[in-house]
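One letter stands for each residue in the lines below.
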Amino acid sequence: MQLSASIKTGADQTEKYLPYLKGKRVGILANPTSVIGKHNVHLVDSLLKLGIHIVKVFGPEHGFRGNASAGAHVADEVDSATGIPLISLYGSGKSKPSKADMADIDIMVYDLQDVGCRFYTNINALARLMEACAENNKELLILDRPNPNGYLIDGPILDMKLKSGIGMFPIPIAHGLTIGEFAQMVNGEGWLPNHLQCNIRIIPVANYNHNMEYTLPVKPSPNLNTQQSILLYPTLCLFEGTVISQGRGTYFPFAVLGNPDLKGYSFSFTPTSIKGMAETPLHMNNTCYGLDLRKYDVAALHKSKRLHIEWMIEMYKAYPYKEKFFDFKQSKEMGSIDKLAGTTAFKEQIIAGLSADEIRKTWEPGLKAYKEMRKKYLLYP
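The paragraphs below set out a description of the structure included in this document. (Residues numbered from 1 in each chain as written. Predicted model: local features only at pLDDT ≥ 70, side-chain atom pairs only at ≥ 80, totals over all residues. Heavy atoms only, no water.)

What follows covers the sheet that holds strand β5 (residues 77–78). Read across the open sheet, the 7 strands follow the order β5-β6-β4-β1-β7-β8-β11; overall the sheet is mixed. Edge positions in the sheet fall to β5 and β11 (200–203), since each of these pairs with one other strand and no more. Where strand β4 (residues 53–59) lies against strand β6 (residues 85–88), 3 bridges are found, and the strand directions are parallel. Following the sheet pairing, Val-57 is matched in β6 by Leu-86. Sheet contacts for helix α1 (residues 14–21): β1 (25–30), β7 (107–111), β8 (139–143) and β11; angle to β8, the most-contacted strand, approximately 160°. (Pairing = 2+ DSSP bridges. Helix = DSSP H or I, 4+ residues; strand = E, 2+ residues; numbered from the N terminus. Contact = heavy atoms within 4.5 Å. Axes fitted to C-alpha atoms, helices over the stretch in contact; angles between N-to-C directions.)

Attention now goes to unusual backbone geometry. Most peptide bonds take the trans configuration, and most residues that are not glycine carry a negative phi. Of note in this structure, Phe-254 is not a glycine but carries a positive phi near 55°. Relative to the assigned elements, Phe-254 resides in the loop between α6 (227–236) and β12 (256–259). For Phe-254, a relative accessible area of 1% puts it in the buried group. In this structure, Asn-285 takes a positive phi of about 65° despite not being glycine. Relative to the helices and strands, Asn-285 resides in the loop between β13 (267–269) and β14 (288–292). Overall, Asn-285 belongs to the exposed group, its relative accessible area being 54%. (Buried < 20%, exposed > 50% of the residue type's maximum accessible area, 1.4 Å probe, protein only.)

Before going further, it helps to examine the packing of helix α4 (residues 122–135) against helix α5 (residues 179–188). Close contact between α4 and α5 brings their axes to 10 Å; oriented N to C, the two are set at 50°. As summarised for this structure, α4 and α5 are arranged oblique, according to the angle between their axes. When you trace α4 past α5, the crossing you get is right-handed. Contact residues: Ile-123, Leu-126 and Met-130 in α4; Ile-179, Phe-182, Ala-183, Val-186 and Asn-187 in α5. (Parallel < 35°, antiparallel > 145°, perpendicular 65-115°, else oblique. Left-handed = near helix turned anticlockwise from the far one by under 90°.)

Another aspect to go through is the sheet that holds β13. The antiparallel open sheet is built from 3 strands, whose spatial order is β12-β14-β13. If you trace the sheet from one side to the other, it starts and ends with β12 and β13, each paired once. Strand after strand, the sheet turns through a mean of 45° between neighbouring axes, direction not considered. For β12 and β14, the ladder comprises 4 bridges, and the chain directions are antiparallel. Following the sheet pairing, Leu-257 is matched in β14 by Leu-291.

The subject of this paragraph is the pairing of β7. Looking along a regular strand, one sees the side chains alternate between the two faces of the sheet. With 5 of 5 residues buried, β7 lies mostly within the body of the structure. Neither face of β7 is exposed, since Ile-107, Val-109 and Asp-111 on one face and Met-108 and Tyr-110 on the opposite face are all buried. Strand direction decides the pairing type here: β1 and β7, joined by 5 bridges, are parallel. Looking across to β7, one finds that Ala-30 is bridged to Asp-111. What joins β7 to β8 is α4, and the crossover it makes is right-handed. (Right-handed = clockwise from strand over helix to strand, strands pointing away.)

Relative to the helices and strands, Asp-154 is located in strand β9 (residues 153–154). Given the relative accessible area of 2%, Asp-154 is considered buried. Of the polar contacts made by the side chain of Asp-154, one reaches the side chain of Arg-360; its length is 2.5 Å. Asp-154 has contacts with Pro-172, Ile-173, Ala-174, Lys-305, Arg-306, Leu-307, Arg-360, Trp-363 and Leu-367, leaving out every residue within four places of it along the chain. (Polar contact = N/O pair within 3.5 Å; in protein donor to acceptor, adjacent residues only side chain to side chain.)

Okay, helix α8 (residues 310–318) next. Among the residues making up α8, those that are buried are Trp-311, Met-312, Ile-313, Met-315 and Tyr-316. Of the surrounding secondary structure, the elements contacted by the buried residues of α8 are α6, β12, β14, α9 (337–341), α10 (345–351) and α11 (356–374).

Considering the arrangement of structural elements, one finds Asp-79 in the loop between β5 and β6. Remark: the alpha-carbon pair of Asp-79 and Cys-237, spanning 158 residues in sequence, is separated by 32 Å.

Here we come to α4. End to end, α4 covers 20 Å across 14 residues, agreeing with the expected 20 Å (1.5 Å per residue, within 8%). In terms of residue burial, α4 counts as a mostly covered element, since 12 of its 14 residues are buried. Looking one or two residues beyond α4, the residue adopting positive phi is Asn-137, at roughly 55°. (Expected span 1.5 Å × (residues − 1).)

Tallying each qualifying case throughout the model produces 15 salt bridges. Note that Asp-154 is salt-bridged to Arg-360, the shortest N-O span being 2.5 Å. Within this pair, whereas Asp-154 is found in strand β9, its partner Arg-360 is found in helix α11, the two being separated by 206 residues in sequence. The same class applies to Asp-154 as to Arg-360, namely buried. Put simply, Lys-96, Glu-131 and Glu-135 are held in one network by salt bridges that share partners. (Salt bridge = Lys/Arg side-chain N within 4 Å of Asp/Glu carboxyl O.)

It is worth spelling out the packing of aromatic side chains at this point. For the structure shown, the criterion picks out 14 aromatic pairs. Pairing Tyr-208 with Tyr-380 gives two aromatic rings, centres 5.1 Å apart and planes at 80°, and the pair type is edge-to-face. Of this pair, Tyr-208 sits in the loop between β11 and α6 while Tyr-380 is found in the segment after α11, placing the two residues 172 residues apart along the sequence. Given a relative accessible area of 5%, Tyr-380 falls into the buried group. On the numbers, 4.8 Å between centres and 85° between planes, the contact of Phe-325 with Phe-326 is edge-to-face. Owing to a relative accessible area of 0%, Phe-325 belongs among the buried residues under this scheme. Three or more aromatic residues joined by ring pairs make a cluster, and in this case those are Tyr-316, Tyr-319, Tyr-321, Phe-325 and Phe-326. The residue whose ring lies beneath Lys-24 is Tyr-20, and the NZ or CZ to ring-centre distance is 4.0 Å. Seen from the ring of Phe-328, Lys-329 lies directly overhead, with NZ or CZ sitting 5.6 Å from the centre. (Phe/Tyr/Trp six-rings, centres within 6.5 Å; stacked < 30°, edge-to-face > 60°. Lys NZ or Arg CZ within 6 Å of the ring centre and 35° of its normal.)

Set out below in structure tokens:
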């Protein structure tokens, strides 16, 4: 595993794109991860100081300044720090910039940190922005960032019959791409409506390869607040389709697993309402018993290059009320395991008692074809 000391994000290489933005009316899709420099100054604040004319900023899930919970409605407003209009692309009934939004923009900039999973919504925001740029004949400048789970390509390929807000493209759970590479794939595979093509320009990450360990300078979203949670997320997010809490409502989400009925485990935690993280978490104010993964050796995940579905198998076996395990009608805090996994087979395989290796074998044909297709769009080894 190589370390990331020499990595420079696309955004950090201002000399490569400042001349290109000078004199243009710029729109930016950004959030709190859009930072540059040693002091993690926000890209918008930095570009304004450098004389770039930013006419509006678009915010994804959690909002531009990152103060909204997962799935929460985010309204349009004016940024108090800069006076720039902020346009929400999440929960506002609008998922992409409108023709009117784009009218006074010469070029769009995308700079969001991704974590390399199909169900993390930043890739959807990118595709919708590409669509809006293509429809309105605007160029999109992508400031690429490393994928902290870039080493991992695993999981079932999404069955497009299960397409949803947490799975829009026929890719595995962990896709092994940076945002720049994913944008090339969207264009190359014709995934935009009516096979539209977006005119993209990418500022690649310097000194990077997919196998590098990359520690994020800023948490990518409120519930991915540690490096441990980011590396466990590709596996643990699947538990959102079960009765097992992944620690939402604690200060260590995506680093623990538990349920009030798993009395055989000595470790426990109690989800509570935490503003900006989880206002109404699953099993709120109930003690949950289960697994503490805060000290789990994530280097083992990196070495195996696999999702650790053994935890799902273990939790299902340990849970006493099997018929309730995947029943998302019990709580609005539970999601659909079929949509999260991207296939109806995964749930059936867990219920049938298949081993991790037996389940993985069913993923292999799809993964093999995906890996071959992926090669065409790589910017990094």
